[in-house]
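Residue strings, one per chain:
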Amino acid sequence: MLKVFGITLRKCVNFSLEAKKQGFNSIFVRLSFIFLSLFLFVSLGTHAQERLSTPKDVLPVATDTIPVANPLAQDTIPKDSVALPQKKSDIETTINYSARDSIFTSIDGKQITLYGNAKIIYGEIELDAEEIVIDYAKNTLTAHGVRDSLGQRIGYPIFKNGQEVYETKDIIYNFKTGRARITEVVTTQGEGFIHGETVFKNEKDEIFSIRNTYTTCNLEHPHFRIRSTKTKAIPNDKIVSGPFYFELNDIPLPLGFAFGMFPMPRKSKSGILFPSFGEERRRGFNIRGGGYFFDFSEYVKLALTADVYSKGAYAFYANSNYSKRYKYTGGFNLSFSKNNNSDQIENTTYTNDYRIAWTHTPQTKGTGRFSASVNAATSTFNQNNNLIYGYTDQTNSSNFNNITAKLSSNVSYSKRFTGTPFNIGLNMTHNQDLTTGQVDLSLPKVSVNMINIYPFQRRDGQPTALDNFSIGYKMDGSNQITNNLGRIPSNAPRDSIADFSLDNFGTFFKNGRKGIRHNIPLSYSTKFLKFFTLSPSFAYEEKWYFEKLDWRYTTVNGKQTLVADTIQGFNRIANYNVSASLNTRIYGMYYLKKGNIQAIRHIMNPNISFGVTPDFTKNENYFQEFQDTVRTFYRARHQGFVYGPSTTGKSGAIGFSLGNNLEAKIKSEKDTVARKVMLINNLSISSSYNIVADSFNLAPLSISANTNIKNGLVNVNLSASLDPYTYLTSVGEDGTSTERRINSLAWKGGSPGRITTATMAMGTNLNPKGRDTDQESREKISQSNLPEQDKQFLLNNPDAYVDFEIPWNLRVNYSLSYSHPLNQDPRITQSLQMSGDMSLSEKWKVTFNTGYHFESKEITQTDIGISRDLHCWTMRVNWVPFGRFQSLNFTIAVKSSLLQDLKFERRKPFFDNL
């Protein structure tokens, strides 16, 4: 039985016949990465085809010219008692053929020639060409193109083997011996293009090729290619190559090897990761990214790499990706670095830094979901490591850079119980302030929720007066761990932060704040006086704790001071309140007779509420009563606990809030109809007044606003808390100043009050086309076949892709936060980040990334890049002009990811004088 010839190549869909542009300079590439190209010749392997059933249509055959005398007469010679096996044909299945112009059959019927758009179907093999010859005598199929009236060759053979398609100039196949000869093969393998001058195949399915080239340039005459004089491919074994070398712009480079031997299976393998070399101002000469890649399976990959620096620093990385189809994807990154605290090699003081990052994303929707987003590091990790280069994309993201001040993590699991109103949630959270060193952990936080149910609604849908009455339930349980020890001693100006380490973790966990809270809300709403909505409600809250405080006086440095002893044992707090709210909506319209603005509409949403809370300070289980020479005061037995103490004092608060929206109708000469433009998305103010309190009746005013500037060019978010009371400052005998808040409204003295907290955030891309392109890029990235880790990096960093079609981009992000607590200096945290690019010409692009950290009064790590599009190559220059990681990086590399290591790099400090 003979085998059917199949070549596993694909047709080059985007192959360009455009002539290349000259003027490309030669470059030097590393020899070791030339080996990678030869792996792609595995596509020339062959496979036996399965048998197919005979077609239903009967093909015409030549009739025998010798007549049969009596077709019904039986042979008088007895049959041989030994049955001889029936000889099988050299052809495994029927050959179907057709042609547009004509089909010529020889007199003996052993040769058939097809002219004009000829086509042959032989099992899974399809062959299309301008001319095809079937020679039964020689057992061959021959296909080639012809020349038209202008002398151009047309109708090149197109060979299909199942879903594999490739183009060639000529092909001869012997279906008896299984041998074939193919000339001038051009095909694609992934992102690469293979050119083969002559290819032979023997009966063992081994492939012999002469004068091969491989490239990722899609021109008929490519800018660069890797040439091999001859190769032999043994299926599922290896590829053996003769001399091969690199050719750039038709110039053979003196780089190559006499022979090579490479494994053939087309699948990922474990292997060595080759490092890159460079130099830094602070840490000296370096070898980066060297290590080993473990390909455990199709679903789990692991890379272990390391960096080594000449001034004694080093780093280790473990980066793993995992996935389970239709279930989940994730990635895990562990980093450790040891850096010299000085740029002098004689300094032997080092700092050890760690970082862990983990992402887990479910892919299916169900009643249960698990997800994780972990980002934790030592407080100096981002300061001591160059995050622009040398780290994984997971590390080098917009959420983690050299000015990051806070990190957070969340690992959660949620479960819905089908057919019931209940669901549960389990969370473990982490919050870390890299500036102060404070770490807060929630290990764990459990919640049970019951969505609101309406017990008085009728099943038949008939409305009743109590349709809107609802009842809900929520339970929270938490164990919070922190290294914030409070003010030690009690008169300390700020909290004491202990070192968060494994040695101290046991103590932190033992002293963690634990508690359980239950909430049962009852609510109802109804229409009132036609235009108002009245909503009465009742809320019951119960807190469970496992310890409480016992306050007592003691003498410290000759002064009487209150201290607290912890008493173990279960105890609870029960609080409740009754409230009602009344709200409506008011519309106002103002028409303008001149200008493009036709009208302005103002929408106001006023709300008034009233709530009553009993006085719980008389309950000895909640509070302890003390007296001094001036007043009577109380100390809560659960001060500082996870869900706080009991409600203090009797309250009869009247709350009020006012929300505002402002929009305009604008029609210019270019508009056919008026456009609605939001002037103010939201402007709200809220507060409350306690009518039963003896002092400080008015609560702080909360103000928030959101608006767009210049038709959505910039979105601005503002929020603030304004304390309306007066603050007085007094100086003690020791010269220290102390603030106190007095029961006098500040506006009586001409001041609006004191802003205790405020935030502002703004961000934009100043190029409208760039804003649209960023969104289009995100959609393309989401639909691409990139690894999940690469997708997330590009989605979070749209400026990582240099688009030569956009003339310029300028992205600006500004954030500001302000706080001014009692007896503390005001604290302002703000930063400005800018990034963008500009096209100097069709092929030249300049990029930059910089910022300013206002607290440290320093420019953040700044890098400037220049990119040059060289068709199938790209050139980049990245320059960090100042800072701890001052450096220069020059790279010329192939665009294709298949040959990502085929590049030339030079990195050195900016001021290098060596």
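**Some details on the overall build of the chain**
Part 1 of the reasoning: Across its full length, the chain holds 5 helices and 53 strands.
Part 2 of the reasoning: For the chain, with 914 residues in total, the buried portion stands at 36%.
Part 3 of the reasoning: Here the contacts in the chain between residues at least 6 apart in sequence split such that 53% fall between residues at least 24 apart.
Part 4 of the reasoning: Of the roughly 53,500 Å² of accessible surface on the chain, a fraction of 56% belongs to carbon and sulfur atoms.

**What about the packing of aromatic side chains?**
Part 1 of the reasoning: The final tally for this structure, using the stated rule, is 22 aromatic pairs.
Part 2 of the reasoning: Consider the rings of tryptophan 358 and phenylalanine 370, whose centres lie 6.2 Å apart with planes at 45°: the pair is tilted. Residue tryptophan 358 is located in strand S25 (residues 350-362), and its partner phenylalanine 370 is located in strand S26 (residues 368-377); the two are separated by 12 residues in the primary sequence.
Part 3 of the reasoning: Chaining the aromatic ring pairs together yields one cluster made of Tyr314, Phe316, Phe336 and Tyr354.
Part 4 of the reasoning: The side chain of lysine 338 reaches across the aromatic face of tyrosine 350, ending 5.2 Å from its centre.
Part 5 of the reasoning: Across the ring face of tyrosine 727, the terminal group of arginine 754 is positioned such that the distance to the ring centre comes to 4.2 Å.

**Overview of the side chain of asparagine 483**
Part 1 of the reasoning: Here asparagine 483 is to be found in the loop between strand S30 (470-482) and helix H3 (502-510).
Part 2 of the reasoning: In terms of polar contacts, asparagine 483 uses its side chain to reach the backbone amide nitrogen of valine 439, at 2.8 Å.
Part 3 of the reasoning: A polar side-chain atom of asparagine 483 sits 2.9 Å from the main-chain carbonyl oxygen of alanine 498.
Part 4 of the reasoning: The residues touching asparagine 483, leaving out its near neighbours within four places in the chain, are Gly437, Gln438, Val439, Ser496, Ile497, Ala498, Phe500 and Phe508.

**Considering the nonpolar core**
Part 1 of the reasoning: Of all hydrophobic cores here, the largest spans 22 residues; its most connected members are Ile120, Leu127, Ile132, Ile134, Leu141, Ala143 and Ile171.
Part 2 of the reasoning: Elements represented by at least two residues in this core include exactly strand S3 (111-122), strand S4 (125-135), strand S5 (140-144), strand S10 (170-174) and strand S11 (180-189).
Part 3 of the reasoning: In this structure, isoleucine 134 is in contact with Ile95, Tyr97, Lys110, Gln111, Ile112, Leu114, Ile120, Thr140 and Leu141, ignoring residues within four places of it in sequence.
Part 4 of the reasoning: Counting residues in hydrophobic clusters, the runner-up holds 15 residues, among them Ala574, Phe616, Phe623 and Ala636.

**Focus: the pattern of salt bridges**
Part 1 of the reasoning: Evaluation of the coordinates by the stated rule reveals 16 salt bridges.
Part 2 of the reasoning: Between arginine 100 and aspartate 101 there is a salt bridge, with its nearest N and O atoms 3.2 Å apart. Exposure class is identical for arginine 100 and aspartate 101. Each is exposed.
Part 3 of the reasoning: In this structure, glutamate 298 engages arginine 325 in a salt bridge whose closest nitrogen and oxygen atoms are separated by 3.7 Å. Of the two residues, glutamate 298 is situated in the loop between strand S21 (284-295) and strand S22 (300-309) and arginine 325 in the loop between strand S23 (314-324) and strand S24 (328-340); the sequence distance between them amounts to 27 residues. The same class applies to glutamate 298 and to arginine 325, which are both exposed.
Part 4 of the reasoning: Taken together, the salt bridges that share partners define one network made up of Arg100, Asp101 and Glu130.

**So, the confidence of the model for the chain**
Part 1 of the reasoning: Per-chain confidence: the chain averages 76 in pLDDT, with 75% of residues scoring 70 or above.
Part 2 of the reasoning: Averaged pLDDT values over the elements of the chain bottom out at 31 in helix H1 (residues 35-38) and peak at 94 in strand S31 (residues 513-523).
Part 3 of the reasoning: Low confidence marks residues 1-77, where pLDDT is under 50. Its contacts with residues over four positions away, or in another chain, come to 163 contacts.
Part 4 of the reasoning: Confidence drops under pLDDT 50 across residues 389-398; counting only partners more than four residues distant or on other chains, this segment forms 36 contacts.

**Thoughts on the side chain of serine 721**
Part 1 of the reasoning: Residue placement: serine 721 occurs in strand S42 (residues 714-723).
Part 2 of the reasoning: If we skip the residues at most four places from it in the chain, serine 721 touches Pro700, Leu701, Arg754, Ile755, Thr756 and Thr757.

**Quick look at unusual backbone geometry**
Part 1 of the reasoning: For the bond from leucine 443 to proline 444, the omega torsion is -10°, close enough to zero to count as cis.
Part 2 of the reasoning: The topology assignment puts proline 444 in strand S29 (residues 439-453).
Part 3 of the reasoning: Despite not being glycine, asparagine 117 has its phi angle at roughly 50°, a positive value.
Part 4 of the reasoning: Residue position: asparagine 117 is located in strand S3.
Part 5 of the reasoning: Positive phi, normally seen in glycine, also occurs at asparagine 823, with a value near 60°.
Part 6 of the reasoning: By secondary structure assignment, the location of asparagine 823 is in the loop between strand S46 (808-819) and strand S47 (827-839).
Part 7 of the reasoning: Residue asparagine 823 is classed as partly exposed on the basis of its relative accessible area, which comes to 40%.

**Digging into the pairing of strand S50 (residues 863-870)**
Part 1 of the reasoning: Two strands pair when backbone bridges link them, and strand S48 (residues 844-853) and S50 are joined in this way by 6 bridges, in the antiparallel orientation. In the sheet register, phenylalanine 848 faces S50, and the bridge partner there is isoleucine 864.
Part 2 of the reasoning: Counting the residues that bridge the hairpin from S50 to strand S51 (residues 873-880) gives 2 residues, and of these histidine 871 lies at a positive phi of roughly 65°.

**Examining a nonpolar patch on the surface**
Part 1 of the reasoning: Judged by side-chain polarity, Ile608, Phe610, Val612, Ile654, Phe656, Tyr689, Ile691 and Val692 come together as a nonpolar surface patch covering roughly 680 Å² of accessible area.
Part 2 of the reasoning: Mapped by element, the contributors of at least two residues to the nonpolar patch are strand S36 (597-613) and strand S39 (651-666).
Part 3 of the reasoning: Tallying contributions element by element places S36 first for the nonpolar patch, with 3 residues.
Part 4 of the reasoning: Inspection of the secondary structure assignment puts tyrosine 689 in strand S40 (residues 675-690).
Part 5 of the reasoning: What makes tyrosine 689 partly exposed here is its relative accessible area of 39%.

**Observations concerning the environment of proline 752**
Part 1 of the reasoning: Note on placement: proline 752 falls in the loop between strand S44 (737-745) and strand S45 (754-765).
Part 2 of the reasoning: In the structure, proline 752 is positioned 30 residues away from leucine 722 in sequence and 8.2 Å away in space, judged by C-alpha atoms.
Part 3 of the reasoning: Contact partners of proline 752, with chain neighbours within four places excluded, come to Leu722, Pro724, Ala746 and Trp747.

**Considering the pairing of S5**
Part 1 of the reasoning: Bridge analysis of S4 against S5 gives 5 bridges, and the strand direction is antiparallel. The partner of isoleucine 134 across the bridge, within S5, is leucine 141.
Part 2 of the reasoning: With 5 bridges connecting them, S5 and S10 associate as antiparallel partners. By the bridge assignment for S10, leucine 141 is matched with tyrosine 173.

**Description of the environment of asparagine 385**
Part 1 of the reasoning: With respect to the helices and strands, asparagine 385 occurs in the loop between helix H2 (381-384) and strand S27 (406-416).
Part 2 of the reasoning: A sequence separation of 70 residues divides asparagine 385 from alanine 315, and the C-alpha atoms of the two residues are 9.6 Å apart.

**Observations regarding the environment of arginine 153**
Part 1 of the reasoning: Mapped onto the fold, arginine 153 is located in strand S7 (residues 153-154).
Part 2 of the reasoning: In this structure, the C-alpha to C-alpha distance between arginine 153 and glutamate 130, residues 23 residues apart in sequence, is 9.8 Å.
Part 3 of the reasoning: In this structure, arginine 153 is in contact with Gly145, Val146, Arg147, Lys169 and Asp170, ignoring residues within four places of it in sequence.

About the criteria used
Within each chain, residue numbers correspond to sequence positions counted from 1 in written order. Note on the predicted model: pLDDT of at least 70 is required for a residue's local features to be given, and 80 or more for side-chain atom pairs to be given and counted; whole-chain, interface and lining totals, by contrast, use all residues. The side-chain quantities take in all heavy atoms of the structure and omit both hydrogens and water. The helix count covers DSSP runs of H or I at least four residues long, the strand count covers runs of E at least two residues long, and both are numbered beginning at the N terminus. Burial here depends on accessible area, computed with a 1.4 Å probe over protein chains only, as a share of the maximum for the residue type. Under 20% is buried, over 50% is exposed, and the range in between is partly exposed. Whether two residues are in contact is decided by their heavy atoms, any of which lying within 4.5 Å being enough. Every accessible area reported is derived by Shrake-Rupley at a probe size of 1.4 Å, with residue values counting cover from the shown protein chains alone. Side-chain rings of Phe, Tyr and Trp, where Trp is taken by its six-membered ring, are said to pair if the distance between their centres is within 6.5 Å; with planes under 30 degrees apart they count as stacked, over 60 as edge-to-face, and otherwise as tilted. Charge-over-ring placement is defined geometrically: NZ (Lys) or CZ (Arg) within 6 Å of the ring centre, and within 35 degrees of the ring normal. Side-chain atoms alone can form a polar contact between residues adjacent in sequence; in general such a contact is a pair of N or O atoms within 3.5 Å, and within protein one must be able to donate a hydrogen while the other accepts it. Take the buried Ala, Val, Leu, Ile, Met, Phe, Trp, Tyr and Cys residues and link them wherever side-chain atoms come within 4.5 Å; each set so joined is a nonpolar core. The term salt bridge refers to a side-chain nitrogen of Lys or Arg lying within 4 Å of a carboxyl oxygen of Asp or Glu. Looking at any residue, its pLDDT shows the predictor's confidence there, from 0 to 100. Any two strands are treated as partners once DSSP identifies two or more bridges connecting them. Like-charged residues within 9 Å of one another, or nonpolar side chains (Val, Leu, Ile, Met, Phe, Trp, Tyr) within 5 Å, are grouped into patches, provided each residue has over 30% relative accessible area and no salt bridge.

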